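Structural overview
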Amino acid sequence: MLEPTTTLRALVVYESMFGNTATIAASVATGLRLEDLDVELVHVSDVVDRDLSGVDLLMVGGPTHAFSLSRPATREDAVRQGAPADVAAPGLREWIEALPSSQPSGPHHAATFDTRVTKVRHLPKAASGRAARLLRHHGFTLLGRPTGFLVHGVQGGLVDGECERAVTWA
């Protein structure tokens, strides 16, 4: 007799200034759905007090700002460069830092991704690496290495093939 199968649940939380990381996050969610996961895609501003119990996999992604996750000053700078004013609200860094130190009933596994401009594609540090370190500090086990996806410039335009690569990566 076969055991009943349980559908794994994934939560993809992202921060985006100009829409590029949002597009990659949607591609990541698509890739997870292709593997039969139940996926919820949420902007970080909509997940502030979210209970993570029942989530099997947490995926987080954000744009690389000054070799790391965004900070209040870098988000304000993005607004000055044309991003919507609401992106100046607290981002992934603050959300991850506010997570409880242990996740007894929530996900224990996570993966991180970021967007970065092509001219600095081989960054020594990036948003996904910082997110990974913060998540490990909170007791998560990382599934794979932090991964970067390329945009043409600060305001973007994803490099051809990056959405497809995000689906495959997920």
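Scroll up for the structure.
Residues numbered from 1 in each chain as written. Predicted model: local features only at pLDDT ≥ 70, side-chain atom pairs only at ≥ 80, totals over all residues. Heavy atoms only, no water.

**Description of the overall build of the protein**
Broken down by element type, the protein carries 5 helices and 6 strands. Listed N to C, the secondary structure of the protein is β-α-β-β-α-α-β-α-β-β-α in terms of helices and strands. Relative to its full complement of 170 residues, the protein shows a buried share of 47%. Of the contacts made within the protein by residues no fewer than 6 positions apart, 78% connect residues no fewer than 24 positions apart. Split by element, the accessible area of the protein, about 8,800 Å² in all, is 53% carbon and sulfur. Between the centroid of the 16 positive side chains of the protein and the centroid of its 19 negative side chains there is a distance of 11 Å. (Helix = DSSP H or I, 4+ residues; strand = E, 2+ residues; numbered from the N terminus. Buried < 20%, exposed > 50% of the residue type's maximum accessible area, 1.4 Å probe, protein only. Contact = heavy atoms within 4.5 Å. Areas by Shrake-Rupley, 256 points an atom, 1.4 Å probe, with all protein chains shown as cover. Lys, Arg positive; Asp, Glu negative; His and termini not counted. Charge placed at Lys NZ, Arg CZ, Asp CG, Glu CD.)

**Looking at the nonpolar core**
One finds Leu11, Val13, Leu58, Val60, Trp95, Ile96 and Leu135 to be the most contacted residues of the largest nonpolar core, which totals 22 residues. Counting only elements with at least two residues in this core, the list comes to β1 (9-14), β3 (57-63), α3 (92-98) and α4 (127-137). Ranked by residues supplied to this core, first place goes to α4 with 5 residues. Once residues within four sequence positions are removed from consideration, Val13 is found in contact with Val42, Val44, Val47, Leu58, Met59, Val60, Gly61, Leu92 and Trp95. By size, the runner-up hydrophobic cluster in this structure holds 19 residues, among which are Val12, Ala25, Val28 and Leu57. (Core = buried A, V, L, I, M, F, W, Y, C linked by side-chain atoms within 4.5 Å.)

**Focus on empty space enclosed by the protein**
Going through the model one piece at a time under the given rule, you end up with 1 cavity of 30 Å³ or more. By volume, the largest cavity is sized at about 50 Å³. Lining the largest cavity, in full, are Glu15, Ser16, His43, Val44, Ser45, Arg75, Asp86, Val87, Ala89, Pro90 and Gly91. A class-by-class count of the residues in the lining of the largest cavity yields 4 nonpolar, 4 polar and 3 charged. (1 Å grid on protein atoms, 1.4 Å probe; cavity = no way out; pocket = protein on both sides within 12 Å on 5 of 7 lines; lining within 4 Å. Points joined across faces, edges and corners; volume = space filled by probe spheres on them. Nonpolar A, V, L, I, M, F, W, Y, C, P; charged D, E, K, R; others polar.)

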